[in-house]
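These are the residues of each chain, in order.
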Amino acid sequence: MNPFRYLSGLGLGSVLFCFQPAIIGAPNPVAAPTQFSERAPVIGQQDPKRLAWFKEARLGMFIHWGLYAIPAGQWPGQEAKNYAEWIMKQANVPSSEYEKLAPQFNPVKFNAREWVAVAKAAGMKYLVITAKHHDGFSMYATKQSSYNIIDATPFKRDPVKELSEACREAGIVFCIYYSIADWHHPESPAQYSQGGFHGAPNPNADVTKYDAYMRAQVRELLTQYGPVGIVWFDGGGAFRTENRAELLQADQMAAMIHQLQPATLINNRLGAAADYGTPEQRIPGGKTDEAFEVCMTLNKHWGYNKFDQDWKSPALVVRNIADIVSKGGNYLLNVGPTAEGLIPSDSIRILKEVGAWTTTNAEAIYNAGPTPFGNELGFEEAIKKEKNGQPLWVDRNEWRCTTQPGKLYFTLLEWPKGKFTVPGLTNKVKKAYFLADPGHVPLAVSVNASGATFTLPEKSPAALAPVLCVEIEGIVKPKTASGTLDTKKDTES
Ligand code: GLC
């Protein structure tokens, strides 16, 4: 068993969760995959400098905000209450009806600085705002269509602009989400839409015209708002066809982005030139060398749903941060603001508690390296299988480890009674202390050939997962029964 096995359906072309192996060292960006896949191969690691800020940042805020915040989960006259940004398709609303939301959209309580302050206080270093979601409504000042927040709503303000400015003021990297799927644009063919849905299907839709529209919009987004950290594409998976990248003219899109803003990253949902992978609502089982960002909701919906009170606990969010960073990834956590322009108070409450933890434990997160161990992450079940036929991965939940030069950080997910043992840690320990302990009082430690054992106080020094900082000599070379762990196999399927 390879403890670093990466549990993502590698190379399976899975639409749900396909995270393909990095092609490192290839001289030029590789062409989009010929086989259908929503996700493109990740090539950004050819130039680690492009990804440097992203890997340092580790935490970002995702914001799903649009006209769908008005129905807030339920379409008038219908029973279902579990909708959000997909309400137009799921409630089967024609464009002529959905468009009526625009004149009602007047989020007078929106304050870009307040939103950015929430992100910053949580310890987030970048922010991704939905400039256009699948409903096709542009939440920014576009000249490509009048179906936008300036021309079609009484609000007449550009939140993308206001957020870009507030981000720059606060030192947060500003990023843009852009949906390839579009249920409103007359040239977006229904046949390439999710479930064939379009609010006003046009049998003569010309995808090349729609491609030009998308490029013109992305050009605006990259020229109107200063530096953009990421163009976060989504919804391209609806183009279920083998020549998807060609149909989308994805290479032209990528070339334009690189020409306008060479430092901008592209996620892996365009179908070309991907800098990193985007596992959604789940965390990969093992460690990988490939850059990735787990995107996740704080409740069960991306857009605002007033019925959804199923919030994650701050403890779970903190656990996820430690888990993801120990595997070398980023965490993009979502908020779905209301039609008034407010981030839900429960999201603010959770993020505030998370922020207290990220502040205390900053050195264990930002720019931190992945675990040098691996067995602590979990194991493969001998008999049970995942849906895709791969062995079932079982998470272990005792601790996670991240690193800085000369230091190991153990996030304790469960408080061990009396002693904490790290098998395989045989380096000389210079000092061990909790980051939550302002005095950094050293703990007693004993090291032998099988590992290190730390003597803990009776009570945890922190309400949420305490982080034990261990200053060591040399680099960690953990041994397993079968010898030194083989990290070269990190990206194996
Ligand atoms: C899914 C949802 C979409 C959301 C995205 C975020 O693709 O369908 O609405 O924007 O996840 O990753």
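Residues numbered from 1 in each chain as written. Predicted model: local features only at pLDDT ≥ 70, side-chain atom pairs only at ≥ 80, totals over all residues.

> Please explain the confidence of the model for the chain as it appears in this structure.
Caution applies to low-pLDDT parts of the model: their predicted coordinates are not meant to be read in detail. Taken residue by residue, the chain gives an average pLDDT of 88. The fraction at 70 or more is 87%. Confidence over residues 1-38 falls short of pLDDT 50; this stretch has 102 contacts with residues more than four positions distant or in other chains. Per-residue pLDDT stays below 50 along residues 480-493; that stretch engages in 25 contacts with residues further than four places along the chain or on separate chains. (pLDDT = per-residue confidence, 0-100. Contact = placed C-beta atoms within 7 Å.)

> Can you walk me through the pairing of strand E1 (residues 59-63) in this structure?
Consecutive residues of a regular strand have side chains that alternate between opposite faces of the sheet. Most of E1 is tucked away: five of the five residues are buried. Side-chain alternation along E1 places Leu-59, Met-61 and Ile-63 on one buried face and Gly-60 and Phe-62 on a second face that is also buried. Pairing between E1 and strand E7 (residues 330-335): five bridges, direction parallel. Bridged to Gly-60 within E7 is Leu-332. In terms of strand pairing, E1 meets strand E2 (residues 126-132) through four bridges, oriented parallel. By the bridge assignment for E2, Phe-62 is matched with Val-128. (Buried ≥ 20, exposed ≤ 12 C-beta atoms within 10 Å, placed from the backbone. Helix = DSSP H or I, 4+ residues; strand = E, 2+ residues; numbered from the N terminus. Pairing = 2+ DSSP bridges.)

> For this particular structure, what's the right way to read helix H9 (residues 314-326)?
An α-helical turn contains 3.6 residues, so a residue and the one three or four places further along point in the same direction. End to end, H9 covers 18 Å across 13 residues, agreeing with the expected 18 Å (1.5 Å per residue, within 8%). The element H9 is largely enclosed, with a buried count of ten among its 13 residues. Within the span of H9, buried status applies to Pro-314, Val-317, Val-318, Arg-319, Ile-321, Ala-322, Asp-323, Ile-324, Val-325 and Ser-326. In this fold, the buried residues of H9 make contact with E1, strand E6 (293-296), E7, helix H10 (345-360), strand E10 (399-404) and strand E11 (407-412). Residue Gly-328 follows H9 closely and has a positive phi angle near 90 degrees. (Expected span 1.5 Å × (residues − 1).)

> Would you mind showing me how to read the sheet that holds strand E15 (residues 451-455) here?
Adjacent strands of a sheet pair through backbone hydrogen bonds, lying either parallel or antiparallel. Taken in spatial order, the three strands line up as E12-E15-E14 in an open sheet, and their pairing is antiparallel. Two strands bound the open sheet, and with one partner strand each, they are strand E12 (419-423) and strand E14 (445-448). Between one strand and the next, the sheet's axes are offset by a mean angle of 15 degrees, whatever the strand orientation. (Axes fitted to C-alpha atoms, helices over the stretch in contact; angles between N-to-C directions.)

> Which parts of the structure should I look at to understand the nonpolar core?
Here is a general trend for soluble globular proteins: nonpolar side chains tend to be buried in one another's company. Core analysis: the largest hydrophobic core is formed by 123 residues, its most contacted members being Leu-127, Val-128 and Ile-176. If you count residues domain by domain, this core takes at least three from each of domain 1 (3-364) and domain 2 (378-472). Not counting residues up to four positions away in its chain, the partners in contact with Ile-176 are Val-128, Ile-129, Ala-131, Leu-221, Val-228, Val-231 and Trp-232. (Core = buried A, V, L, I, M, F, W, Y, C linked by C-beta atoms within 7 Å. Domains from an automatic or database assignment.)

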